[in-house]
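Structural description and commentary
Below, each chain spelled out in residue letters.
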Amino acid sequence: MLEPSNNAQLPAIPGKRYFTIGEVSELCAVKPHVLRYWEQEFPQLKPVKRRGNRRYYQHQDVIMVRQIRALLYEEGYTIGGARQQIETGSERAEVVQLQQVLPEVIAELKDVVALLDGRKNF
């Protein structure tokens, strides 16, 4: 799932390892209380919690927040619909990855079969 056009108007994500909830709020144009709510609704959104229960988001979390924001605010999905879109999106990515690897596996198996057939003739 790519970031929709309005996400292009959001600031670029800096190359930091961790972001505070306030930084993510600014980067994604979403209030901190909304981010905390989304953590409960979207199991894919799991910031690291450290000392004093402080949240630290990683780069992939910021991208996930932007995807959720786009689905809810720009595409008009409900929370449940957005959750389902994200889940099927990750399943689709797995299917595509398998489709790319499968021909290589088949070719290798054919080589093994040919090698074994060649040994039978001895």
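Scroll up to find the structure this text is about.
Residues numbered from 1 in each chain as written. Predicted model: local features only at pLDDT ≥ 70, side-chain atom pairs only at ≥ 80, totals over all residues. Heavy atoms only, no water.

Before going further, it helps to spend a moment on helix 3 (residues 59-74). The end-to-end C-alpha distance of helix 3 is 22 Å, a good match for the 22 Å that 16 residues give at a rise of 1.5 Å each. Three or more residues of helix 3 are buried, namely Asp61, Val62, Met64, Val65, Arg66, Gln67, Ile68, Arg69, Ala70, Leu71 and Leu72. Within two residues after helix 3, Gly76 carries a phi angle of roughly 80 degrees, on the positive side. (Helix = DSSP H or I, 4+ residues; strand = E, 2+ residues; numbered from the N terminus. Expected span 1.5 Å × (residues − 1). Buried < 20%, exposed > 50% of the residue type's maximum accessible area, 1.4 Å probe, protein only.)

A few words now on the packing of helix 2 (residues 32-41) against helix 3. Across the interface, helix 2 lies against helix 3 with an axial gap of 12 Å and an inter-helix angle of 95 degrees. Here helix 3 runs roughly perpendicular to helix 2, going by the angle between their axes. On helix 3, the residues touching Val34, Leu35 and Trp38 of helix 2 are Val65, Ile68, Arg69, Leu72 and Tyr73. When the residues that make up the contact of helix 2 with helix 3 are grouped by side-chain class, the tally is seven nonpolar, no polar and one charged. (Axes fitted to C-alpha atoms, helices over the stretch in contact; angles between N-to-C directions. Parallel < 35°, antiparallel > 145°, perpendicular 65-115°, else oblique. Contact = heavy atoms within 4.5 Å. Nonpolar A, V, L, I, M, F, W, Y, C, P; charged D, E, K, R; others polar.)

Looking now at the pairing of strand 3 (residues 54-57). Where strand 1 (residues 19-20) meets strand 3, two bridges bridge the pair, whose relative direction is antiparallel. Residue pairing for strand 3: Thr20 is matched across the bridge by Tyr56. Relative to strand 3, strand 2 (residues 48-50) is paired through three bridges, and the arrangement is antiparallel. Of the residues in strand 3, the one forming a bridge with Arg50 is Arg54. Adjacent in sequence and paired antiparallel, strand 2 and strand 3 are bridged by three residues, among which Gly52 carries a positive phi angle near 65 degrees. (Pairing = 2+ DSSP bridges.)

Taken together, the three strands give an open sheet; going across it, the order is 1-3-2, and neighbouring strands pair in antiparallel fashion. Each of the sheet's edge strands pairs with one partner strand only, and the pair in question is strand 1 and strand 2.

Between helix 1 (residues 21-28) and helix 2, the shortest axis-to-axis distance is 9 Å and the interhelical angle comes to 100 degrees. Between helix 1 and helix 2, the angle falls in the class roughly perpendicular. Contacts from Ile21, Val24 and Ser25 of helix 1 reach helix 2 at Pro32, Leu35 and Arg36.

Let us look at the side chain of Glu39. Relative to the helices and strands, Glu39 resides in helix 2. Taking the relative accessible area as the measure of exposure, Glu39 reaches 11% and is therefore buried. A polar contact of 2.5 Å, which involves the side chain of Glu39, links it to the side chain of Tyr57. Not counting residues within four places of it along the chain, the set of residues in contact with Glu39 comprises Leu45, Pro47, Lys49, Arg55 and Tyr57. (Polar contact = N/O pair within 3.5 Å; in protein donor to acceptor, adjacent residues only side chain to side chain.)

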